[in-house]
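Structural characterization, general
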Amino acid sequence: MPPFDQVFKRLFARVGGWAWIACIPLALIILATWGVAAHAQEELTAADVQVTLNNIWVLVCSFLVIFMNAGFAMVETGFCRQKNAVNVLTKNLIVFALATLAFWFIGFSLMFGANGNGWVGWGSFFLGGAPELYGLGPDGINLTKDTFFLFQVAFAGTAATIVSGAVAERIKFVDFLIFSVLLTAIAYPITGHWLWGGGWLADLGFHDFAGSTIVHSVGGWAALMGAAFLGPRMGKYNSDGQVNALPGHNLSIATLGCLILWLGWFGFNPGSQLAADSNVAYIAVTTNLGAAAGGVAATFVSWAMSGKPDLSMTINGILAGLVSVTAGCFVFGYAGAFVVGLIGGILVVFAVGFFDSIKIDDPVGATSVHLVCGIWGTLAVGLFANPNNFTQGGEGISGLFYGGGLGQLGLQILGILTVGLFTVVLSTIFWLVVKSVLGLRVSAEEEMKGLDIGEHGMEAYSGFLKDTSDMTGVM
Amino acid sequence: MPPFDQVFKRLFARVGGWAWIACIPLALIILATWGVAAHAQEELTAADVQVTLNNIWVLVCSFLVIFMNAGFAMVETGFCRQKNAVNVLTKNLIVFALATLAFWFIGFSLMFGANGNGWVGWGSFFLGGAPELYGLGPDGINLTKDTFFLFQVAFAGTAATIVSGAVAERIKFVDFLIFSVLLTAIAYPITGHWLWGGGWLADLGFHDFAGSTIVHSVGGWAALMGAAFLGPRMGKYNSDGQVNALPGHNLSIATLGCLILWLGWFGFNPGSQLAADSNVAYIAVTTNLGAAAGGVAATFVSWAMSGKPDLSMTINGILAGLVSVTAGCFVFGYAGAFVVGLIGGILVVFAVGFFDSIKIDDPVGATSVHLVCGIWGTLAVGLFANPNNFTQGGEGISGLFYGGGLGQLGLQILGILTVGLFTVVLSTIFWLVVKSVLGLRVSAEEEMKGLDIGEHGMEAYSGFLKDTSDMTGVM
Amino acid sequence: MPPFDQVFKRLFARVGGWAWIACIPLALIILATWGVAAHAQEELTAADVQVTLNNIWVLVCSFLVIFMNAGFAMVETGFCRQKNAVNVLTKNLIVFALATLAFWFIGFSLMFGANGNGWVGWGSFFLGGAPELYGLGPDGINLTKDTFFLFQVAFAGTAATIVSGAVAERIKFVDFLIFSVLLTAIAYPITGHWLWGGGWLADLGFHDFAGSTIVHSVGGWAALMGAAFLGPRMGKYNSDGQVNALPGHNLSIATLGCLILWLGWFGFNPGSQLAADSNVAYIAVTTNLGAAAGGVAATFVSWAMSGKPDLSMTINGILAGLVSVTAGCFVFGYAGAFVVGLIGGILVVFAVGFFDSIKIDDPVGATSVHLVCGIWGTLAVGLFANPNNFTQGGEGISGLFYGGGLGQLGLQILGILTVGLFTVVLSTIFWLVVKSVLGLRVSAEEEMKGLDIGEHGMEAYSGFLKDTSDMTGVM
């Protein structure tokens, strides 16, 4: 065998001196490319982190929306009389538990199940399907199934809890439970599917970003029908047409509730972007401008009309502003959001008077806030949508005042009417069924003494002395 | 045409002089590699952003858990009588301040200090060590020391605040303060170390994801011993065995507190993942299902038993469901979480009756919620853990009902018993020391008139007229 | 010299026809580099995700700070008498709505508008400018305009809401509204510009990380002037110098408010980093240590002085600790934050006594908390700033006790005095203008009967029996 250096010498001679060196770069490139590819498989990409950030953001928003249950509970309870406080509290507490289960069982699938059609979703009940079976995935909404479910169930709970206030102080507890389950399991998911489940309203171009119609007016219609079927509370309307105020018992918690709802709306509206991007802060700002304008407007209008600033109107004005900007929080400019909220705040003051004039007794003004302003906000998209607002992508929706003509406005009216009609029909059926089976209303005696003792056998404020004059017939 | 090797031979011969040109690619590669490396040093990588996201997420969860102090304060105060409201509020407010200081001084090091052993951590007191000295870093829990501390101190505060409710309405204020400091500085961190500090229970494979045992049953055992040493409130149990309800004074704030706790639990359980990943939403959903199932179960069971739906049972049922799913929120399937929460909600109703039957007087049901359901939830991991739930990595824990046999169940029982025994022994020592030095219980006169006047010289609801009949001896 | 094509011909001849093969690697490198560059243009980078994360984090912090309005509302209302609850609630609810609009119209531009000078910002009113016109962008604060606005408007609202408590129970409602608008539109933004808008105090090196001076003492000075011009409530100070306690009506909601503020401060201080980085958790920990130390200190000091632990002092002590660490939460070490909070908690107890001794009647202690501890916290930066705390970048501020000499302390005093003087002068003008036009104080009869009936025509707790002895002249 030749010595080692001989082998090299011969080898080098054969390959033409040093020219083999030209192969080193090629080899290195192959090596480098290989390395990069291997690296890419192992390592986290920015897109991975963005997806996680989307989920974390929407998850935090879900928490805020779920916390809105505390806001509704405090506003509604505070606006009712102390003899019914336990009843209102229990309804508002159990309703999200029931909504969670009903939406998990059925509702989520009726709203997002991919095996449905334009009118209703279907399949993959009990959250049992793959993400794609609910329209999720890299090509659609890029969230995990769990994030999306939690956000959606929080919304479903909101629709149900709106009803609670309007029917307060005279409805049988069990009736409210049954109605809530039916609403969150069936009625809300179906109309929700029409838009957010990719149904026929979405195809046509109806725009309701965070649910002025899909959530608030659905809850509002259901509440209106409930209040109508129940009739007014004893002592609310005199036979001569006079309206008696039945003042709430705890405006401290009602105010707290309003501020909790304001907080929660920062999850409700910006979270509806379903992603963490540069637009969510924009949505938060329009939402906040709408709330502020609504609160100021309702305060000053009610002040001008009654001579004194009314705290309950400030509360409802803020909520009215929030509901009003919910549909268009992504398409309104700052000034548009301000004006829409302002008009919402004015509307709510007159709506409260209007419902009293037709003897629809809504103890907390839920119908005025959620139904009237839900409709107004949805209409407002057809008026104030400003196509210049879209900072990314953008659907280019133009309202009447921004050169869009009547097209979008017509679509908005179509959405309002069809969702409203469906909800009125279905909730009428629900209310009539529970009425015929169980009866809707507690006895007159129970109503006078308060539902807390009658329905729950306990009182909310044990140890305090109360004025019991309203517990003796005041017809 | 010359043969192929001839072509190469000629080629290589010819490039003689110019062969250096082959070095250009090599030079360029070196240059490019250099550039990329330099770039990498300057620029943010996706992994960097992921670490920041982990910290932000766990930080937000810490805030939510710290906010649980408001939830406990409202639930416990609302469930007590108005004459003791200031006392309960002060205890619940100061306890997190004390826990913060005690855990900063000592507790955090006993729980996570790297200079300890399997039984107790040690070293780097006052948060003075490097992250590695608390088991943090790229190879362990990839959080900053501050994020991890804040999350852990929030947990420690929770354990202490559980005790507050069970001993309410008759304990001396100073005793509670001392006990809380001892619990958060010494007892809680030691058993916490056994699992979360990488101690002997972690080595064996005991699983308690977010602390059904490590937090809730520890607080529950300490509460039970306190309630036992204190004895029942005056008027609670008649000599003929009759149990008198001493109703809470403010169910509005109690309900609010429950909803605040529900919110806080979304930090407690999903935050325990200690990272922002695709599993946190899953944990949030199982947590929510458990809460809903617990609330519905307790409502209907108590309704069936007493004839009327009891708001305080709905509140405790939701909390029971939450405590029950805390240990297994990451290993239960959806249905598992539902069933575990449901059973928790049923258990809490019977537990309240059970403790009354043995004359352990717990004014707010803390023992029933945190101890009984803490034990149940920990056991349930050994029954319902579903190895198919792990979407990433995964420890593959299998419960009895999912083919895992009795192994995991045995470990769970071991953890429950050892943590329980240690906590019972240590808290007995603590309670007996404060009892012998200071006396545990306020005077009978002070108890009748209320601790607010006796211990604090003030009342919670000045300006309201109260029913003082329970301030005159009712034995 | 041969023509160019000749050179090439000769070159190619020399490299032997096939030598061009050596160029393949070069071509591949160019191709590869090109590919990477193209990729980079299409794909999300880690830096993009980091910017989104910054925005999401600061947005979440904004929500927490906005929620502080609920905290202030509950603390201030709870500390007042029930006959004025509606009034305090309405003020605290409407004030953030007004602040939102005033800051949107004018304030944000006076604070951050890039067309101003070192004394005041200018231009781009109504949030109408490009981000650069408010000092935002890749080279400055890398947040979107909307994120930054929401965070800043939340801060502006805080300054206004501080005033509310000090002037409670005797100010005309409309006066408070006008003053709040002037404060948030003009006074707060101007001094805010001096530091956070890059004005002259920023140039000099004054350090107030999250606003002990810029927010809290500004609100505190305005509150002090208001309380001084209004004079004390009827019955507060006897002619013989005796101070009468006028106890708050609802310590449950006051305690809740304190815990909401504690939560909100986790947005206030860590959010002031204006980015999601590894320091925000550090700031959260120092903030929490300050709160805990302040609460414990105030509790024990008031306990030692009055013989009983006073819940209202625990509440104010926690808030005092929080205000105290606000300026230096980023530059204090853990021990520094603890000591600064501790001293804040002691100071607040004596400050409450001091203001009573000079007959400045502040029903909720806002001046003691926000003004006194705001000044203390700002001074403390000049004493306790520890240059070793900066884990990233870092401005290297050194306090007197950490080798920094008197330099920083002098700057801190300069900032306290100039901001204070300006706010005192401007708020004096504001108060005197509203006083001369509208009168500041409600009638003696209205004050006795309560502002709820007088100003709002409603009561907060309808249905409860109240002690009306304080509604009949008690001078």
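Cut-offs applied
Residues numbered from 1 in each chain as written. Chains lettered and ligands numbered in written order. Predicted model: local features only at pLDDT ≥ 70, side-chain atom pairs only at ≥ 80, totals over all residues. Heavy atoms only, no water. UniProt positions renumbered as here; feature names shortened; annotations may be inferred. Helix = DSSP H or I, 4+ residues; strand = E, 2+ residues; numbered from the N terminus. Buried < 20%, exposed > 50% of the residue type's maximum accessible area, 1.4 Å probe, protein only. Contact = heavy atoms within 4.5 Å. Areas by Shrake-Rupley, 256 points an atom, 1.4 Å probe, with all protein chains shown as cover. Least-squares fit on C-alpha atoms with pLDDT ≥ 70 in both. Expected span 1.5 Å × (residues − 1). Buried area = accessible area lost by both parts, 1.4 Å probe. Salt bridge = Lys/Arg side-chain N within 4 Å of Asp/Glu carboxyl O. Polar contact = N/O pair within 3.5 Å; in protein donor to acceptor, adjacent residues only side chain to side chain. Nonpolar A, V, L, I, M, F, W, Y, C, P; charged D, E, K, R; others polar. Core = buried A, V, L, I, M, F, W, Y, C linked by side-chain atoms within 4.5 Å. Lys, Arg positive; Asp, Glu negative; His and termini not counted. Phe/Tyr/Trp six-rings, centres within 6.5 Å; stacked < 30°, edge-to-face > 60°. Lys NZ or Arg CZ within 6 Å of the ring centre and 35° of its normal. Axes fitted to C-alpha atoms, helices over the stretch in contact; angles between N-to-C directions. Left-handed = near helix turned anticlockwise from the far one by under 90°. Patch = residues over 30% accessible without salt bridge, like charges linked within 9 Å, V, L, I, M, F, W, Y side chains within 5 Å.

The name an unreviewed UniProt entry gives chain A is Ammonium transporter, with Leptolyngbya subtilissima DQ-A4 as the organism. The Sequence similarities (unreviewed entry) field of the UniProt record for chain A holds the comment "Belongs to the ammonia transporter channel (TC 1.A.11.2) family."

**Some details on the overall build of chain A**
Secondary structure assignment for chain A yields 16 helices and zero strands. Burial status across chain A gives 65% buried among its 475 residues. Considering only contacts within chain A whose residues lie at least 6 apart along the sequence, 76% involve residues at least 24 apart. As displayed, chain A offers around 15200 Å² of accessible surface, 68% of which is attributable to carbon and sulfur atoms.

**Looking at the relation of the copies chain B and chain A**
The transformation that overlays chain B on chain A combines an axial shift of 0.0 Å with a rotation of 120 degrees, and the residual RMSD is 0.0 Å. In symmetry terms, the pair is related by a three-fold rotation axis.

**Observations concerning helix α14 (residues 407-438) of chain A**
One turn of an α-helix holds 3.6 residues; hence residues three or four places apart share an orientation. Spanning 32 residues, α14 of chain A covers 46 Å between terminal C-alpha atoms, matching the ideal 46 Å at 1.5 Å per step. Where α14 of chain A terminates, the next one or two residues include glycine 439 of chain A, which has phi positive at roughly 80 degrees.

**Considering the interface of chain B and chain A**
Contact residues are listed per partner, giving 63 residues for chain B and 67 residues for chain A. Summed over both partners, the interface of chain B with chain A buries about 5200 Å², with 81% contributed by carbon and sulfur atoms. Counting the contacts that link chain B with chain A gives zero salt bridges. In this assembly, chain B and chain A are joined by 10 residue pairs in polar contact (both at pLDDT 80 or more). Among the elements that make up the side of chain B that touches chain A, the one with the highest residue count is helix α10 (residues 280-306) of chain B (14 residues). Among the residues making up the side of chain B that touches chain A, the classes are represented as 45 nonpolar, 13 polar and five charged.

**Looking at the nonpolar core**
The biggest cluster of nonpolar side chains holds 454 residues, and the ones touching the most others in it are Trp57 and Tyr188 of chain A, Trp57 and Tyr188 of chain B together with Trp57 and Tyr188 of chain C. In this view, tyrosine 188 of chain A contacts Phe103, Met111, Phe155, Ala156, Ala159, Leu183, Trp196, Ile214, Val215 and Val218 of chain A; residues no more than four positions away in its chain are not counted. Counting 14 residues, the second largest nonpolar core, distinct from the first, contains Val331, Phe332, Phe384 and Ile397 of chain C.

**A closer look at helix α8 (residues 212-230) of chain B**
All names here are of chain B. Between its terminal C-alpha atoms α8 stretches 25 Å, which fits the 27 Å expected from 19 residues at 1.5 Å a residue. Burial within α8 is extensive, with 17 of its 19 residues counted as buried. Phi turns positive, to about 80 degrees, at glycine 231, one or two residues after α8.

**A word on the side chain of glutamate 446 of chain A**
Within the secondary structure, glutamate 446 of chain A is located in helix α15 (residues 444-449). No salt bridge is formed by the buried glutamate 446 of chain A. Its closest oppositely charged neighbour is lysine 308 of chain B, at 6.8 Å. When near neighbours in sequence (up to four residues on either side) are disregarded, glutamate 446 of chain A contacts Leu451, Gly454 and Glu455 of chain A.

**Description of the environment of proline 309 of chain B**
Summarising the element assignment, proline 309 of chain B is placed in the loop between α10 and α11 (311-326). Overall, proline 309 of chain B belongs to the buried group, its relative accessible area being 2%. Taking C-alpha positions, proline 309 of chain B is 36 Å from asparagine 279 of chain B, a pair spaced 30 residues apart along the chain. Setting aside its immediate chain neighbours within four residues, proline 309 of chain B contacts Phe173, Glu455 and His456 of chain A together with Thr299 and Trp303 of chain B.

**Some words on the packing of aromatic side chains**
Under the defined criterion, the tally for this structure stands at 114 aromatic pairs over all chains. With a centroid separation of 5.9 Å and 85 degrees between ring planes, the pair formed by phenylalanine 464 of chain B and phenylalanine 464 of chain C is classed as edge-to-face. Note that phenylalanine 464 of chain B is positioned in the segment after α16 (451-456) and phenylalanine 464 of chain C in the segment after α16 (451-456), a pairing that runs across two chains. Side by side, phenylalanine 464 of chain B and phenylalanine 464 of chain C carry an identical accessibility label, which is buried. Between tryptophan 265 of chain C and phenylalanine 268 of chain C the ring centres are 5.7 Å apart and the planes differ by 45 degrees, which places this aromatic pair in the tilted class. Residue tryptophan 265 of chain C and its partner phenylalanine 268 of chain C are located together in helix α9 (residues 251-271), separated by three residues, close to a single helical turn. In this structure an aromatic cluster arises from ring pairing among Phe103, Phe108, Phe112, Tyr134, Phe148, Phe149 and Tyr188 of chain A. The residue whose ring lies beneath lysine 91 of chain B is phenylalanine 176 of chain B, and the NZ or CZ to ring-centre distance is 5.1 Å.

**Examining the interface of chain C and chain B**
Between chain C and chain B, the contact holds 67 residues from the first and 69 residues from the second. Sorting the residues of chain C by area buried against chain B places Ser252, Leu259 and Tyr334 of chain C first, and these three jointly supply 10% of that buried surface. In this assembly, chain C and chain B are joined by zero salt bridges. For the interface between chain C and chain B, the tally reads 10 residue pairs in polar contact (both at pLDDT 80 or more). Its residues assigned to classes, the side of chain C that touches chain B shows 47 nonpolar, 14 polar and six charged.

**With respect to the packing of α10 of chain B against helix α12 (residues 334-357) of chain B**
Residues and elements named next belong to chain B. Look at α10 against α12: their axes get within 7 Å of each other, and the N-to-C directions meet at 35 degrees. Seen along the crossing, α10 lies across α12 with a hand that is right-handed. Contacts between α10 and α12 involve Tyr282, Val285, Thr286, Leu289, Gly290, Ala293, Gly294, Ala297, Ala298, Val301, Ser302 and Met305 on the former and, on the latter, Tyr334, Ala337, Phe338, Gly341, Leu342, Gly345, Ile346, Val348, Val349 and Phe350. For the contact of α10 with α12, the per-class residue count stands at 16 nonpolar, six polar and no charged.

**Brief notes about unusual backbone geometry**
Residue and element names in this part refer to chain A. Despite not being glycine, leucine 127 shows a phi value in the positive range, around 60 degrees. Among the secondary structure elements, leucine 127 is positioned in the loop between α4 (85-112) and α5 (145-166). Accessibility expressed as a relative area gives 2% for leucine 127, which makes it buried.

**Considering the environment of tyrosine 134 of chain B**
Residue and element names in this part refer to chain B. Relative to the helices and strands, tyrosine 134 resides in the loop between α4 (85-112) and α5 (145-166). Along the sequence, tyrosine 134 and asparagine 288 sit 154 residues apart, while their C-alpha atoms lie 32 Å from each other. If sequence neighbours within four positions are ignored, tyrosine 134 has contacts with Phe108, Ser109, Phe112, Ser124, Leu127, Gly128, Gly129, Lys145 and Phe148. Reaching out from tyrosine 134, the side chain makes a polar contact with the backbone oxygen of serine 124 at a distance of 2.5 Å.

**Side note on the pattern of salt bridges**
Think of it this way: side chains of opposite charge can pair up when their charged atoms draw near. Residues and elements named next belong to chain B. Per the stated rule, a full pass over the model turns up 18 salt bridges over all chains. Among the salt bridges present, the one from aspartate 361 reaches arginine 233, with a minimum N-O distance of 2.8 Å. Of the two residues, aspartate 361 sits in the loop between α12 and α13 (366-384) while arginine 233 sits in the loop between α8 and α9 (251-271), which places them 128 residues apart along the sequence. Arginine 233 carries the same exposure label as aspartate 361, and that label is buried.

**Observations concerning a nonpolar patch on the surface**
Residues and elements named next belong to chain A. Taken together, Ile178, Leu421, Val425, Ile429, Val433, Val437 and Leu438 make up a surface patch of nonpolar side chains, about 590 Å² in accessible area. Here the nonpolar patch gets six residues from one element, more than from any other, and that element is α14. In this structure, isoleucine 178 sits in helix α6 (residues 173-195).

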